[in-house]
Amino acid sequence: MTDVVDSDELLRRMHRARACAVEQERTWRTRREELRRTDPEGAREAAVRTMAYEAVLRVLDEVLTPGRHTDPGGSARGGSD
């Protein structure tokens, strides 16, 4: 990556990445629920992907709004869209 971007562009890219992660997390959560009865293995894979996107969201939330999404136990949680 040789392009130089300013801080506003970087922030826009991170917000787009967060929006994408929110959508993917919802998609995989829905898929997990759909597969729960018919395909337990597929449901487990969808659950793992859901957790991966939740982790991505926690990281992006902390980068975009430091400390805002941390509960008293120290774990981050998803923020508003």
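If you're wondering where the values come from, they're calculated on a predicted model, not measured in any experiment.

1. Quick look at the overall build of the protein chain
Helix and strand content of the protein chain: two helices and zero strands. Buried residues in the protein chain amount to 22% of all 81 residues. Element-wise, carbon and sulfur atoms account for 54% of the exposed surface of the protein chain, whose accessible area totals about 6,000 Å².

2. Thoughts on the pattern of salt bridges
Applying the stated criterion across every chain, the model contains 10 salt bridges. For glutamate 9, the salt bridge goes to arginine 12, with nearest N and O atoms at 3.0 Å. Highlighted residues: glutamate 9 and arginine 12, both in helix H1 (residues 7-35), separated by three residues, approximately one helical turn. Residue glutamate 9 is classed as buried on the basis of its relative accessible area of 19%. Among the salt bridges present, the one from arginine 13 reaches glutamate 9, with a minimum N-O distance of 3.0 Å. Of this pair, arginine 13 and glutamate 9 both sit in helix H1, separated by four residues, roughly a single helical turn. The network of salt bridges with shared partners includes Glu9, Arg12, Arg13 and Arg16.

3. Focus: the environment of glutamate 33
Considering the arrangement of structural elements, one finds glutamate 33 in helix H1. Between the alpha carbons of glutamate 33 and alanine 43 there is a distance of 7.1 Å; along the sequence they are 10 residues apart. A polar contact is formed between the side chain of glutamate 33 and the side chain of arginine 36, at a distance of 3.2 Å.

4. Things to note about the confidence of the model for the protein chain
In low-pLDDT segments, the atomic positions of the prediction should not be examined closely. Here the protein chain shows a mean pLDDT of 87. Residues at 70 or above account for 83%. Confidence drops under pLDDT 50 across residues 74-81; counting only partners more than four residues distant or on other chains, this segment forms 20 contacts.

5. Observations regarding helix H2 (residues 40-64)
Every α-helical turn comprises 3.6 residues, leaving residues that sit three or four positions apart pointing alike. Between its terminal C-alpha atoms H2 stretches 36 Å, which fits the 36 Å expected from 25 residues at 1.5 Å a residue. Those residues of H2 lying buried are Gly42, Ala43, Ala46, Ala47, Thr50, Leu57, Leu60, Asp61 and Leu64. Close packing links the buried residues of H2 with H1.

Thresholds applied
- Residues numbered from 1 in each chain as written.
- Predicted model: local features only at pLDDT ≥ 70, side-chain atom pairs only at ≥ 80, totals over all residues.
- Heavy atoms only, no water.
- Helix = DSSP H or I, 4+ residues; strand = E, 2+ residues; numbered from the N terminus.
- Buried < 20%, exposed > 50% of the residue type's maximum accessible area, 1.4 Å probe, protein only.
- Areas by Shrake-Rupley, 256 points an atom, 1.4 Å probe, with all protein chains shown as cover.
- Salt bridge = Lys/Arg side-chain N within 4 Å of Asp/Glu carboxyl O.
- Polar contact = N/O pair within 3.5 Å; in protein donor to acceptor, adjacent residues only side chain to side chain.
- pLDDT = per-residue confidence, 0-100.
- Contact = heavy atoms within 4.5 Å.
- Expected span 1.5 Å × (residues − 1).

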